[in-house]
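# Geometric and topological summary
So the chains spell out like this:
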Amino acid sequence: IMMMLGGVAPEALLVLFIVTVSSVLCVCSLAMAVSVWSMRAREAVTRAYLVLFVLLGLPLLIASFQYGLGQTTLYQLVTPVNEQIMLANPFVTIWYVIAMTSGSARGAGFQVLWELVRNQGVVTIVCAVWATLAVRRVHLRQRTKAARRRWRLSQWLRPPVGQNAMLWKEIFAEPAAARLGWIGRITLTLIVLGVLAPTVYMFYWSQTGYSPYRPAASEYLMFATVMSTILACGAILLIASRAAGSIVSERERDCWVSLLSTPLQAGEIIWAKIAGSVWSMRGAVVLLLVIWGLGVLLDPGFLVAVPFMLGTFLVLAFYAAAVGVRFSLGAKSSLKAMGATLAVLLFFGGLYYLCACVPVFIATDPRNDEVPILSAAPCIPFLLFAPGGLYCEPPTRDHGVIVAAYVFGVFGYLFAAGMLTASSIGRFDAATGRTRPRDGFPQSGWDGRPLAEAPATPTTSGRDNSGGMEPGGTP
């Protein structure tokens, strides 16, 4: 297709090839190093995604607000390190190369490319050597490590098991089995700081700064909407990742057979897995409420948009958990379930718009805005951004179309989540090999009483011609 439109420059193909190969090697070595310190595949994948999210997103966020630090010692320490980390970002490098490879700036553009290769090469070598030297030592330590009792505050706050044993397990017992370790705790701490620091800065600036074009409160509300959208998208991906390994991990830990032997119904197990996956991101909900709460302090009218934003996040979290549990039910390993879940979630959640819709819109009439807006209804970032964006921006002629796309997308995902949950419950026995009594099969014992009331050891003095027991005999 590109050859029909004029072709592609050989330099562009070379740049993309070098960036791709270097990034693949860097990510593989980084993920391998994380995997060495992980007990299970689900923990390794989650930690690797968290580390990559921090390395790709946090430097860009710091660069956006580093000028607010002024010429301080912190600024002089943070800026050089942040710039080197940004030079290892493939997306930033491609943008620099595209912007600088024209005319006399071509040499500077390729200089940025070689800096990417240098920085990623350092990370690749360090992670590969680190993993190689530690793999045997860590493995032996994990095999010989005795179990330690962990004292947590949540242990004192746990309610009794009650009638919903599976739900209690997923909410109170499962997080302890999926610990993120020190790598995950460091990355989560950096993410929280990366969210709260600019939020507090924008809230402070909105009270002290002045903009001649729009109120200061509107600036923070728009920032809060964008920040909450990014945070919610990351939380939804983590929910999908946890749900994709929720059932497969039971098999990998040899707990699945004992779970199937319980009288729990399929619906109880599936709903508990979905609820546990959504509950695992309660920390993200707290951060979202903090961001939105500061916006309500500046503009009480923003409280109208908060329930819609929170409701949209819960619906999409329910959908992500339902997709993950559905793939986890039939997958043979956690990696396959996670790969299929993330592929479906990313494609239908937004990549379809870039792959199929954007080229078509370029060739159509640019004055027709209704079709592009309506086609964005399944886009997850659009749905998360729409309530806050509609409140912040003044009414226009496209507001009605945006509201229609938002309503259609939210209810569409809610319907899809319900159908996926029903499919998981209906296919549970067939996918797991769990047997149930057939309809019409006699539910009574040899003496005519129900099986639950029949004696454990029937008495007989012999057998009839049909092979059945003769009542009234001796044991």
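Structure's up top.
What you are looking at is a predicted structure, and each value in this text was computed from that prediction instead of being measured.

## Some thoughts on the state of the cysteines
With the rule as written, the count across this model stands at zero disulfides. No disulfide involves Cys26; its nearest neighbouring cysteine sulfur is the one of Cys127, lying 6.7 Å away. By relative accessible area, Cys26 is classed as buried at 11%. Free cysteine: Cys379, not disulfide-bonded; nearest cysteine sulfur from Cys233 at 8.1 Å. We classify Cys379 as buried; its relative accessible area is 13%.

## Examining the side chain of Thr225
Here Thr225 shows up in helix α9 (residues 216-244). Thr225 has contacts with Phe302, Met309, Phe385, Gly388, Gly389 and Cys392, leaving out every residue within four places of it along the chain.

## A closer look at the nonpolar core
The biggest cluster of nonpolar side chains holds 78 residues, and the ones touching the most others in it are Tyr220, Ile236, Ile291, Phe302, Phe313 and Phe428. Considering every element that reaches this core, the biggest residue donor is helix α14 (residues 305-330), with 15 residues. The residues touching Ile291, leaving out its near neighbours within four places in the chain, are Val195, Thr199, Tyr220, Ala224, Met227 and Leu231. By size, the runner-up hydrophobic cluster in this structure holds ten residues, among which are Val51, Cys127, Ala131 and Ala134.

## Notes on the packing of helix α12 (residues 266-279) against α14
It is at 9 Å that the axes of α12 and α14 come closest, and there the two elements cross at 130°. Judged by the inter-axis angle, α12 sits oblique to α14. Here α12 runs over α14; the crossing is right-handed. Taken together, the residues of α14 that come into contact with α12 (itself represented by Ile270, Trp271, Lys273, Ile274, Ser277 and Val278) are Ala317, Phe318, Ala321, Ala322 and Val325. Broken down by class, the residue content of the contact of α12 with α14 amounts to nine nonpolar, one polar and one charged.

## Quick look at the pattern of salt bridges
The tally for this structure, following the rule as stated, stands at five salt bridges. Put simply, Lys169 and Glu250 hold a salt bridge, and the shortest N to O gap is 2.8 Å. In this pair, Lys169 is assigned in helix α7 (residues 165-177) and Glu250 in helix α10 (residues 248-252), connecting sequence segments 81 residues apart. Taking relative accessible area as the criterion, Glu250 reaches 2% and is therefore assigned buried. Across the pair Glu170 and Arg242 runs a salt bridge, and its minimum N-O distance is 3.9 Å.

Cut-offs used in this document
- Residues numbered from 1 in each chain as written.
- Predicted model: local features only at pLDDT ≥ 70, side-chain atom pairs only at ≥ 80, totals over all residues.
- Heavy atoms only, no water.
- Disulfide = S-S within 2.5 Å.
- Buried < 20%, exposed > 50% of the residue type's maximum accessible area, 1.4 Å probe, protein only.
- Helix = DSSP H or I, 4+ residues; strand = E, 2+ residues; numbered from the N terminus.
- Contact = heavy atoms within 4.5 Å.
- Core = buried A, V, L, I, M, F, W, Y, C linked by side-chain atoms within 4.5 Å.
- Axes fitted to C-alpha atoms, helices over the stretch in contact; angles between N-to-C directions.
- Parallel < 35°, antiparallel > 145°, perpendicular 65-115°, else oblique.
- Left-handed = near helix turned anticlockwise from the far one by under 90°.
- Nonpolar A, V, L, I, M, F, W, Y, C, P; charged D, E, K, R; others polar.
- Salt bridge = Lys/Arg side-chain N within 4 Å of Asp/Glu carboxyl O.

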